[in-house]
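Given next are the chains, with one letter for each unit.
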Amino acid sequence: MRLAELSERSGVSTATIKYYLREGLLQPGRRVSATQAEYGEDHLRRLRLVRALIQIGGVPVAAAREVIAAAEDESLDHHVRLGAATRALPCTEGPAEDDPAAETARRSVEALLERLGWSCGQDTDTDMVNPARRRLIDSVAALVRLGYPCGLEQLLPYGQLAAQLAVTDLDLIEEQPTPTGQIEAAVALTVLYEPVLLSLRRMAHAEESARRF
């Protein structure tokens, strides 16, 4: 297909497609003349991934380029390729290292990960490369500062529920027939299902409150 058709089928403007081409986010088309190129289904799939990263996930262009490079690097195992996509999603900065609340939170998180048997986030050196672990510590530190209970006993039920949800999430991701489709789904489902979880949690609070009180 020509650029205009690629734009029509993907829902991405021709100007944006040209920008993605310049930035290396979209692979070049097959040249048919000095001024025209043809594009195929692979370009449509790539555009879906780019849109999921940038428009849905809010990932900066430079980070999206790194994700795409990792997604296409067949020397990496699939776990690493999926992780590259989800770790690129924006996340809050972690607490200051000299914050006493942060140290208490870090100990609680380490105890939680050990109890859950989660090896991917136990190493304290992973704070810089695992935004989710850093954000978890930051959130628990805020609870510590406000004096709310947030030790292993309180955190464990949340961790156990998260483990069950991960199975559901990965089942949905595995339904996609290609590695690129699975990476796109990992980004989209991470971003789009988080507000679903938040909404359901608040609705469940209302139901449980009505039942109790």
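Above this text sits the structure in question.
About the cut-offs
In this numbering scheme, every chain counts its residues from 1 along its sequence in written order. Totals for whole chains, interfaces and linings use every residue, but because this is a predicted model, local features are given only for residues with pLDDT of at least 70 and side-chain atom pairs only at 80 or more, for both listing and counting. Calculated side-chain values reflect all of the structure's heavy atoms, with hydrogen atoms and water omitted. Strands are runs of DSSP state E lasting at least 2 residues, helices are runs of H or I lasting at least 4, and numbering of each runs from the N terminus. Throughout, a contact is declared for two residues whenever any of their heavy atoms are within 4.5 Å. Here a polar contact means two N or O atoms within 3.5 Å. Within protein one must be a hydrogen donor candidate and the other an acceptor candidate, and residues neighboring in sequence count only if both atoms are side-chain atoms. Centre distance within 6.5 Å is the pairing criterion for rings of Phe, Tyr and Trp, where only the six-membered ring of Trp is used; planes under 30 degrees apart are then read as stacked, over 60 as edge-to-face, and the remainder as tilted. Here the term buried applies to any residue with accessible area under 20% of the maximum for its type, exposed to any over 50%, and partly exposed to those in between, with areas from a 1.4 Å probe on protein chains only. Lines fitted to the C-alpha atoms define the axes, with helices restricted to the stretch that makes contact. Angles between their N-to-C directions range from 0 to 180 degrees. Between 65 and 115 degrees an angle is taken as roughly perpendicular, under 35 as roughly parallel, over 145 as roughly antiparallel, and anywhere else as oblique. Note: crossing handedness is left-handed where the near helix turns anticlockwise from the far helix by less than a right angle, and right-handed where it turns clockwise. Throughout, the ten residues Ala, Val, Leu, Ile, Met, Phe, Trp, Tyr, Cys and Pro are labelled nonpolar, Asp, Glu, Lys and Arg are labelled charged, and all others, Gly among them, are labelled polar.

K.L.:
It is not clear to me how the environment of Q36 should be interpreted in this structure. Could you clarify?
P.N.:
Secondary-structure assignment places Q36 in the loop between β1 (30-31) and β2 (37-38). Sequence spacing of Q36 and L155 is 119 residues, and the spatial spacing of their C-alpha atoms is 57 Å. Each residue touching Q36, except ones within four places of it in the same chain, is listed here: R2, R30 and R31. Here R2 takes part through its side chain, which lies 2.7 Å from a polar atom of the side chain of Q36.

K.L.:
I'm lost on the packing of aromatic side chains in this one. Help?
P.N.:
Each aromatic ring pair is specified by the distance between its two centres and by the angle formed by the two planes. Counted under the stated rule, the structure contains 1 aromatic pair. The interplanar angle of 45° and the centroid separation of 6.1 Å between the aromatic rings of Y19 and Y20 together place this pair among those described as tilted. Y20 gets classed as buried once you look at its relative accessible area, which sits at 4%.

K.L.:
So what exactly am I meant to see when it comes to helix α5 (residues 78-87) here?
P.N.:
Residues R81, L82, G83 and A85 constitute the buried set of α5. Those residues of α5 that are buried are in contact with α4 (61-72), α8 (152-174) and α9 (179-212). One side-chain oxygen of the residue at the start of α5 lies 3.1 Å from the amide nitrogen of H79, identifying that residue as D77.

K.L.:
Looking at this structure, I do not really get the packing of helix α3 (residues 41-56) against α4. What am I missing?
P.N.:
Their axes nearest at 10 Å, the elements α3 and α4 cross at an angle of 135°. When the axes of α3 and α4 are compared, the pair comes out oblique. Between α3 and α4 lies a crossing of right-handed hand. Contact residues: α3 offers R46, L49, V50, L53 and I54, while α4 offers V61, A64, V67, I68 and E72. Residue classes in the contact of α3 with α4 are distributed as 8 nonpolar, no polar and 2 charged.

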